Amino acid sequence: MTTIRRLGTEHLPAIIGLHHKVLALLPTKNLAACETDGFFADHIATCGHIYGAFRDDTLMAYSVLGLPRRDDPNFGVDHNLLPGQLAGVAHIDGVSVAPEWRGQGWQRKMINHRLAAALAAGRSIALSTVAPGNVPSLRSLLSCGLTIRGMVEKFGGIRYLVRRDLAVDFAPVPVTGNGTGERPQSDMQWINLDDLPRQRTAIAGGCIGMGGRVDGGKIQIGYVPE
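Residues numbered from 1 in each chain as written. Predicted model: local features only at pLDDT ≥ 70, side-chain atom pairs only at ≥ 80, totals over all residues. Heavy atoms only, no water.

Draft legend 1. Just the nonpolar core, in detail. Core analysis: the largest hydrophobic core is formed by 52 residues, its most contacted members being Phe 40, Ile 148, Tyr 160 and Tyr 223. Contacts of Tyr 223, omitting those with residues within four sequence positions, involve Ile 148, Tyr 160, Asp 187, Met 188, Gln 189, Ile 191, Gln 199, Ala 202, Ile 203, Cys 207, Ile 208 and Gly 209. (Core = buried A, V, L, I, M, F, W, Y, C linked by side-chain atoms within 4.5 Å. Buried < 20%, exposed > 50% of the residue type's maximum accessible area, 1.4 Å probe, protein only. Contact = heavy atoms within 4.5 Å.)

Draft legend 2. Representation of the side chain of Gln 220. Assignment of secondary structure puts Gln 220 in strand β10 (residues 218-225). A distance of 3.1 Å separates a polar atom in the side chain of Gln 220 from a polar atom in the side chain of Asn 192. There is a polar contact of 2.7 Å between the side chain of Gln 220 and the side chain of Arg 213. If we skip the residues at most four places from it in the chain, Gln 220 touches Trp 190, Ile 191, Asn 192, Leu 193, Gly 211, Gly 212, Arg 213 and Asp 215. (Helix = DSSP H or I, 4+ residues; strand = E, 2+ residues; numbered from the N terminus. Polar contact = N/O pair within 3.5 Å; in protein donor to acceptor, adjacent residues only side chain to side chain.)

Draft legend 3. Broad picture of the pairing of β10. Of the pairings in the sheet, the one linking strand β8 (residues 189-192) to β10 comprises 4 bridges and is antiparallel in character. Counterpart to Asn 192 in the pairing with β10 is Gln 220. Across 8 bridges, strand β9 (residues 207-215) lies against β10 in antiparallel orientation. Its bridge partner being in β10, Arg 213 is matched across the sheet by Gln 220. Connecting β9 to the next strand, β10, in antiparallel fashion are 2 residues, including Gly 216 with a positive phi near 60°. (Pairing = 2+ DSSP bridges.)

Draft legend 4. Layout of the environment of Ala 90. Relative to the elements of secondary structure, Ala 90 occurs in strand β4 (residues 89-97). According to the relative accessible area criterion, Ala 90 is buried, its value standing at 0%. For the pair Ala 90 and His 49, spaced 41 residues apart in the sequence, the C-alpha separation amounts to 11 Å. Filtering out sequence-adjacent residues up to four positions away, Ala 90 remains in contact with Leu 65, Gly 66, Leu 67, Pro 68, Ala 118, Arg 123, Ile 125, Ala 126 and Leu 127.

Draft legend 5. Geometry of the packing of helix α1 (residues 12-25) against helix α2 (residues 37-45). At their nearest, the axes of α1 and α2 sit 10 Å apart, and the two run at 135° to each other. By the angle between their axes, α1 is oblique relative to α2. Here α1 and α2 pass one another in a crossing that is right-handed. Seen from α1, the contacting residues are Leu 12, Ile 15, Ile 16, His 19 and His 20; seen from α2, they are Asp 37, Phe 40, Ala 41 and Ile 44. Looking at the contact of α1 with α2 residue by residue, the class counts come to 6 nonpolar, 2 polar and 1 charged. (Axes fitted to C-alpha atoms, helices over the stretch in contact; angles between N-to-C directions. Parallel < 35°, antiparallel > 145°, perpendicular 65-115°, else oblique. Left-handed = near helix turned anticlockwise from the far one by under 90°. Nonpolar A, V, L, I, M, F, W, Y, C, P; charged D, E, K, R; others polar.)

Draft legend 6. Geometry of helix α3 (residues 106-120). For α3, which comprises 15 residues, the first-to-last C-alpha distance of 21 Å matches the rise-based estimate of 21 Å (1.5 Å per residue) to within 8%. Of the positions making up α3, those classed as buried are Trp 106, Gln 107, Arg 108, Met 110, Ile 111, Asn 112, Arg 114, Leu 115, Ala 117 and Ala 118. Two residues or fewer after α3 comes Gly 122, characterised by a positive phi angle close to 85°. (Expected span 1.5 Å × (residues − 1).)

Draft legend 7. Highlighting helix α4 (residues 135-143). Counting buried positions along α4 yields 7 of 9 residues, so the element is predominantly enclosed. All of the buried residues in α4 are Val 135, Ser 137, Leu 138, Ser 140, Leu 141, Leu 142 and Ser 143. Gly 145 lies just past α4 and shows a positive phi near 90°.

Draft legend 8. Just the packing of aromatic side chains, in detail. This model, assessed by the stated rule, comprises 3 aromatic pairs. Taken together, a centroid distance of 5.6 Å and an interplanar angle of 85° make the contact between Phe 40 and Tyr 62 edge-to-face. Highlighted residues: Phe 40 in helix α2 and Tyr 62 in strand β3 (residues 58-66), separated in sequence by 22 residues. The burial state of Phe 40 is the same as that of Tyr 62; both residues are buried. Both rings, one in Phe 75 and one in Phe 155, keep their centres 6.4 Å apart while their planes meet at 70°; by these two values the pair is edge-to-face. In this pair, Phe 75 is assigned in the loop between β3 and β4 and Phe 155 in the loop between β6 (147-154) and β7 (157-165), connecting sequence segments 80 residues apart. Each member of the aromatic cluster is reached from another via a ring pair, and the members are Phe 39, Phe 40 and Tyr 62. (Phe/Tyr/Trp six-rings, centres within 6.5 Å; stacked < 30°, edge-to-face > 60°.)

Here it is, written out as structure tokens:
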């Protein structure tokens, strides 16, 4: 039987071990942040929650939900949110899925779980970051209703800033298909994933990235006016 449940300090060794196992498998080091042991301990104890997906007693995946306090780092600053909005922010933070459990939609399931938990905790703006080259995580975030709102240098490389407003008709996005998050629209502008300058221009012009597709062997992001 598989379950998702909130983790406690007794799970720290398993969380940290899985984190470093997944980091070691990445083709490029800056695709994901290398978190400290203290980061995980703090998110269990004081500034968030960590959830684990289990098959019986085997930890298949963990995911971090940040609930930043007043003086904690807040992704809302990168999004230029107003001071009064920062208290409503939740971070859809790091996730790791053990190699033997990949391909079953666990990233998306864990995102949806954290979005619901953030709303239950009184947070209304879900924010995350993802490297453009981290295609599985990018697809998962977009397929769960988060959209690209900006790009910054963060965590050792370029990161998309992604957002979903939970106070507006929130419902988990069903985990179906290949998780590309493609949402066809007549005014969709498709831009190659590796064409960051053109994506920056689209964002500066008031567009948001809403989905992805593969065209001619190239991964593309679809941008629409906000």
